[in-house]
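# Understanding the architecture of this molecule
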Amino acid sequence: MSETLDPRLLAQRAELLKLRANLVDPITGLPALPAVVEAVRRRIEAGENLGLIYLDLRSEEKIEEIFGWETYDGLLRQMAEALTAVAPQLLKPQDILALSAVRSDEFLLFVGSRVAGGQLQHRLERTRDRLVEELAQRLRVQFDSERPRSLGIHTAALPLRCEPTVRIERTIYKTLDEARALCRREREQKQTLRLNELRRILAVEGIRVRYQPIVSLVDGTVHGFEALSSGPPGDIFESPEMLFSFAEETDQIVELERLCRATAIRGAGEIGSGRKLFLNTSARGLCDPQMLSAELLDLMGSLGLPTDNLVVELTERVAMTGNKELQHALDRLRQRGVQFAIDDVGAGYSSLQAVAEIEPQYLKFDLSLVRDIHHSRIKQSLLESIQTLAGKIDAQVVAEGVEQLEEFRTLRSLGVPYGQGYLFGVPTPRPACEGRLPS
């Protein structure tokens, strides 16, 4: 016979769990600042000199915007694990690692020392520098096509300057505010440097364009190419995601996309008769009156590239804006013979509404759904539904991100006409017009 639990004990347990949820971060397992303030206060009252090493990961917040919160949470988890791993080498056992709050990206280290004044400041800065050096070796991150790199961490190292007439808790939070202000100025300076670099790239036309083939899954012939633009190799904007995200944020996106279009078209003179050139665009870029300027049309004419060989790729997110300006832009381009593709179909927005808004000639099946499709009946069923829709609106399906032989075989067996991915060809500086299919 089971024992009946005391309701008061259940209520107390629920309160403890609620309290823990407010004091311990579920992503990193680290305590939040309110949970460690008392321990910091006791050490100061015992006569120990303490300082704060502040590590701010907010410069990496773009990762969350571009790749999603789960990716960013994983990054925070890696950061916490790396800090926990290096702490024994650089810190005392009683030193405290925490977050400023639950689900925060501000990491705090309360470090004790026998020295005070300027010596304490020097000691804190030296510990901070060694810590950042260790983290740079342990934390190499890579997203999509960007090269592996260290995390963008802003730091500050400040002594806790306690006064007899001021509460220690107030001193702790005041020091944290000072560290935030220092890092904010550092971020602003970095933002200015990045904006200057973007403007330099635009001024010298320093965009790099590579072409990835879109091939027939029946016979391997090249149907067209997607033009993939990025910043110069080794540059802070080598990552296309960072380049276009920053340009959007700083109102440089229209100028950037003009340069990308012209560069892509100029380099695509070798794609051959009848092959399509797929160009990505944002909503603002699509509504640009110079989307097909006279100069651009002259360039296309000199290269023998008719406008009906252009395919403008739009994400479902762009299509969902649904404003009149966007519709006018679509109509203008359609009258010129330009075709349209909806990118990332099935990635999370309303495909049906996007199809109704754009009336596309191509539906590009998102790479996240192509990945391991041979193991997923649900993905296969979704693709079959998209195939049916495409047939009814006289559109073609392109499967993106094909990398495995089994994925290719499954896609072909499902009747998908076109594929794109490393299995068929890597992006190259010049269109490689010979297609290949795996055996």
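Residues numbered from 1 in each chain as written. Predicted model: local features only at pLDDT ≥ 70, side-chain atom pairs only at ≥ 80, totals over all residues. Heavy atoms only, no water.

## Describing the pattern of salt bridges
Pairing between side chains of opposite charge can happen when the charged atoms of each approach one another. Put simply, the test is: Salt bridges are counted wherever a side-chain nitrogen of Lys or Arg sits within 4 Å of a carboxyl oxygen of Asp or Glu. Runs of H or I in DSSP of at least four residues are treated as helices and runs of E of at least two as strands, each being numbered from the N terminus. Think of it in three bands: with a 1.4 Å probe and only protein chains considered, a residue is buried below 20% of the maximum accessible area for its type, exposed above 50%, and partly exposed in between.
Applying the stated criterion across every chain yields a total of 27 salt bridges. For E134, the salt bridge identified is with R138, shortest N-O distance 3.8 Å. Here E134 and its partner R138 are both found in helix α5 (residues 117-138), four residues apart, which amounts to about one turn of the helix. Among the residues examined, E134 registers a relative accessible area of 22% and is labelled partly exposed. A salt bridge links R377 to E384; the nearest nitrogen and oxygen atoms lie 3.2 Å apart.

## So, the nonpolar core
Under the convention used in this document: Joining through side-chain atoms within 4.5 Å is the link that ties buried Ala, Val, Leu, Ile, Met, Phe, Trp, Tyr and Cys residues into a set, and such a set is a nonpolar core. Any pair of residues with heavy atoms lying within 4.5 Å of one another is described as a contacting pair.
Counting residues in hydrophobic clusters, the biggest one holds 67 residues, and the most contacted among them are L277 and L411. The dominant element in this core, judged by the number of residues it contributes, is helix α8 (residues 253-267), at seven residues. Sequence-distant contacts of L411, defined by excluding residues within four places in its chain, comprise L217, V370, I373, L383, A399, V402 and V416. Grouped together as the second largest cluster of nonpolar side chains are 31 residues, A80, L99, L151 and A157 included.

## A short note on the side chain of S113
We count it as follows: For this analysis, a polar contact is any N or O atom pair within 3.5 Å, provided that within protein one partner can donate a hydrogen and the other can accept it, and provided that sequence-adjacent residues contribute only side-chain to side-chain pairs.
Tracing the backbone shows S113 in strand β3 (residues 106-113). Taking relative accessible area as the criterion, S113 reaches 3% and is therefore assigned buried. Looking at S113, its side chain comes within polar contact range of the side chain of R123, at 3.3 Å. Residues in contact with S113, not counting those within four places in the same chain, are E48, N49, K92, L120 and R123.

## Considering the packing of helix α7 (residues 240-249) against α8
This is how it is decided: To get an axis, a line is fitted to the C-alpha atoms, and for a helix only the part in contact is used. The angle between two axes follows their N-to-C directions and goes from 0 to 180 degrees. For classification purposes, angles smaller than 35 degrees are called roughly parallel, those larger than 145 roughly antiparallel, those between 65 and 115 roughly perpendicular, and all remaining angles oblique. Classification used: nonpolar for Ala, Val, Leu, Ile, Met, Phe, Trp, Tyr, Cys and Pro, charged for Asp, Glu, Lys and Arg, polar for all others including Gly.
α8 packs onto α7 with a crossing angle of 140° between their chain directions and a minimal axis gap of 7 Å. In this view, α7 runs oblique relative to α8, as classed from their interaxial angle. Contacts from L243, F244, A247 and E248 of α7 reach α8 at I253, L256, E257 and C260. Split into classes, the residues belonging to the contact of α7 with α8 amount to six nonpolar, no polar and two charged.

## Some remarks on α7
The buried fraction of α7 amounts to seven of the 10 residues, a majority that puts the element mostly inside the structure. Among all positions of α7, only P240, E241, M242, L243, S245, F246 and A247 are buried. Just beyond α7, the residue with positive phi is D251, at close to 60°.

## Some words on the pairing of strand β1 (residues 49-56)
Rules: Paired strands, in this sense, are two strands between which DSSP finds at least two bridges.
A large share of β1 lies buried, amounting to seven of its eight residues. Note that β1 and β3 share eight bridges and pair antiparallel. Each residue of the ladder has a partner; that of L55, found in β3, is F107.

## Examining the sheet that holds strand β14 (residues 418-420)
Across a sheet, strands are paired by hydrogen bonds formed along the backbone, either parallel or antiparallel in direction. Reading around the barrel, the eight strands line up as β7-β8-β9-β10-β11-β12-β13-β14 and close back on themselves, with mixed pairing between neighbours. The sheet shows a mean angle of 30° between the axes of neighbouring strands, taken without regard to direction. Two elements, strand β10 (residues 310-315) and strand β11 (residues 339-345), share five bridges in a ladder whose sense is parallel. Across the sheet, residue E313 finds its bridge partner in β11, namely A341. Where α8 meets the sheet, it contacts β7 (208-216), β8 (222-230) and β9 (276-280), and its direction lies at approximately 60° from that of β7.

## Side note on empty space enclosed by the protein
A probe as big as a water molecule, rolled over the atoms, marks out the empty space that is left. Stated formally: Put simply, the grid is 1 Å and covers the protein atoms alone, a cavity is a trapped set of points that fit a 1.4 Å probe, a pocket is an open set with protein on both sides within 12 Å along at least five of seven lines, and lining residues have an atom within 4 Å of a point. Grid points are joined across faces, edges and corners, and a volume is the space filled by probe spheres set on the points.
Applying the stated criterion to the full structure yields one cavity of 30 Å³ or more. Space inside the largest cavity adds up to approximately 30 Å³. In this structure, the largest cavity is lined by R261, L279, M291, L292, L310, V312, L333 and V338. Among the residues forming the lining of the largest cavity, the class breakdown is seven nonpolar, no polar and one charged.

## Things to note about α8
Heads up, the condition is: Helix span, expected: 1.5 Å multiplied by one less than the number of residues in the helix.
The end-to-end C-alpha distance of α8, which contains 15 residues, comes to 21 Å, matching closely the 21 Å that a straight helix rising 1.5 Å per residue would cover. Counting buried residues in α8 gives 11 out of 15 residues, a clear majority hidden from the surface. Residues of α8 that are buried: I253, L256, E257, L259, C260, R261, A262, T263, A264, I265 and G267.

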